[in-house]
Amino acid sequence: MEEAIETLPQHTCSWLKNRFTLYKHEDVWNSKDFLEGKLLAQQRFKADPSDIFLCSFPKTGTTWLKALVFAIITREKFNESTSPLLNTLPHDCILFLEKDLEKIEENRKNSFFPPINTHIHYHSLPKSIITSNCKIVYIYRNMKDVLVSYYHFARQIVKLQIEDAPFEEAFDEFCKGILNFGPYWDHILGYWKASLEKPEIFLFMKYEDMKKYPTTNVKKLAEFIGHPFTIEEEKAGVIENIIKLCSFENLSNLEVNKSGNHQAGKTQVIENRLFFRKAEDEEWKNYFTEEMIEKIDKLIDEKLGATGLVLK
Ligand code: PAP
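Residues numbered from 1 in each chain as written. Predicted model: local features only at pLDDT ≥ 70, side-chain atom pairs only at ≥ 80, totals over all residues. Heavy atoms only, no water.

Going by an unreviewed UniProt entry, the protein chain carries the name Sulfotransferase and comes from Mikania micrantha. UniProt, in the comment section headed Sequence similarities (unreviewed entry), describes the protein chain in these words: "Belongs to the sulfotransferase 1 family." (UniProt positions renumbered as here; feature names shortened; annotations may be inferred.)

Listed below in structure tokens is the structure:
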């Protein structure tokens, strides 16, 4: 596999001081670890019709969605003071298709089918996920904040200070679709187009709406994944407790998320704190020039105008 990957088009990111290389496969840019994980999943993963997938582009709210889903599905076993989320990174509570294939297969041997997370584009998903009509929760976030979030995440992973990682170059590459799992718009379009054909198996969740209307969104999410709240639970404040447990304020202040590490790929270890940065809406306003705003708004209109998803 390694040899085949080396024959693909490659791009080394100069804004990351050439410390990060991407490979283009099936019209998507990926780092080697993630590409290997995708290829392995395509070869080996056998979906079950009861599987539920949490699909997302990086930096769109994956960590939050995983925490919420984990809290929802384990709420009979744990509460907000006993939840494993208090001492485990959400990424280690819900498995990731590109990395955790063996653990997923192990779960299946024990008839255990919790939701699975993936960043893979719709057109590259293992075929059995599509033919089995598995349910898909898709989280998305406005493009400009995703760009800023990705900028900081990528530069911190390769240990660069802000002054050593030119934002303008990161912006240009993002707009060319050159970033891990890029282009972002193609990721959205793939899932969105598929949802037009089979709307019943998709739930689209917008990061900004989840912040504004957490109760409605968490209820919708729980229903969709087959764990609806009872009236008694609603009255007892279970939804609010889950929202609080999974809030940025709570998770980002837990010791595990301040000082722990996450094995993100075969070779890559990431500090947990990097998954919890600011979680602010419209932070991009501190980074974008007028010219950048014009360029990216045009791009969003061109690529995603027809979807009505509005990512500005
Ligand atoms: P990943 O793809 O690497 O897993 P992902 O979790 O999708 O990243 O996105 C990280 C963003 O979600 C960060 O945004 P920022 O860079 O703009 O700050 C992170 O702060 C934010 N985030 C993490 N946890 C939560 C949460 N519980 N609620 C809201 N936002 C969160």
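**Student:** Account for the nonpolar core, with residues named and values stated.
**Tutor:** W15, F45, F53, L97, M143 and F288 are the most contacted members of the largest nonpolar core, which totals 64 residues. For this core, the elements supplying multiple residues, two or more each, are helix 2 (32-44), strand 4 (52-56), helix 4 (101-109), strand 6 (135-140), helix 6 (143-157), helix 7 (167-175), helix 8 (184-197) and helix 15 (290-304). With residues near it in sequence (within four places) discarded, M143 still touches F174, Y184, W185, I296, I300, L304 and L311. The next biggest cluster of nonpolar side chains, apart from the first, holds 40 residues, and it includes I52, L251, L254 and A264. (Core = buried A, V, L, I, M, F, W, Y, C linked by side-chain atoms within 4.5 Å. Buried < 20%, exposed > 50% of the residue type's maximum accessible area, 1.4 Å probe, protein only. Helix = DSSP H or I, 4+ residues; strand = E, 2+ residues; numbered from the N terminus. Contact = heavy atoms within 4.5 Å.)

**Student:** Please set out the packing of helix 8 against helix 15 residue by residue, giving values where relevant.
**Tutor:** At a closest axis distance of 10 Å, the pairing of helix 8 and helix 15 adopts a crossing angle of 30 degrees. With respect to their mutual orientation, helix 8 and helix 15 come out roughly parallel. Like other packed secondary-structure pairs, helix 8 and helix 15 cross with a definite hand, here right-handed. Packed against helix 8, whose contacting residues are W185, I188 and L189, the element helix 15 presents L299, K303 and L304 at the interface. Per-class residue counts for the contact of helix 8 with helix 15 are five nonpolar, no polar and one charged. (Axes fitted to C-alpha atoms, helices over the stretch in contact; angles between N-to-C directions. Parallel < 35°, antiparallel > 145°, perpendicular 65-115°, else oblique. Left-handed = near helix turned anticlockwise from the far one by under 90°. Nonpolar A, V, L, I, M, F, W, Y, C, P; charged D, E, K, R; others polar.)

**Student:** Got a sec to walk through the pattern of salt bridges? Specific residues and values, please.
**Tutor:** In a structure, side chains of opposite charge can pair up when their charged atoms sit close to one another. Tallied over the full model, the rule gives 17 salt bridges. One salt bridge connects E105 with R44, and the closest N-O pair in it is separated by 2.9 Å. Taken together, the positions of E105 in helix 4 and R44 in helix 2 put the pair 61 residues apart, joining distant regions of the chain. With its nearest N and O atoms 3.6 Å apart, the salt bridge here joins D172 to K295. Of this pair, D172 sits in helix 7 while K295 sits in helix 15, and the two are 123 residues apart along the sequence. A residue is classified by how much of its surface remains accessible, and D172, at 33% relative accessible area, is partly exposed. (Salt bridge = Lys/Arg side-chain N within 4 Å of Asp/Glu carboxyl O.)

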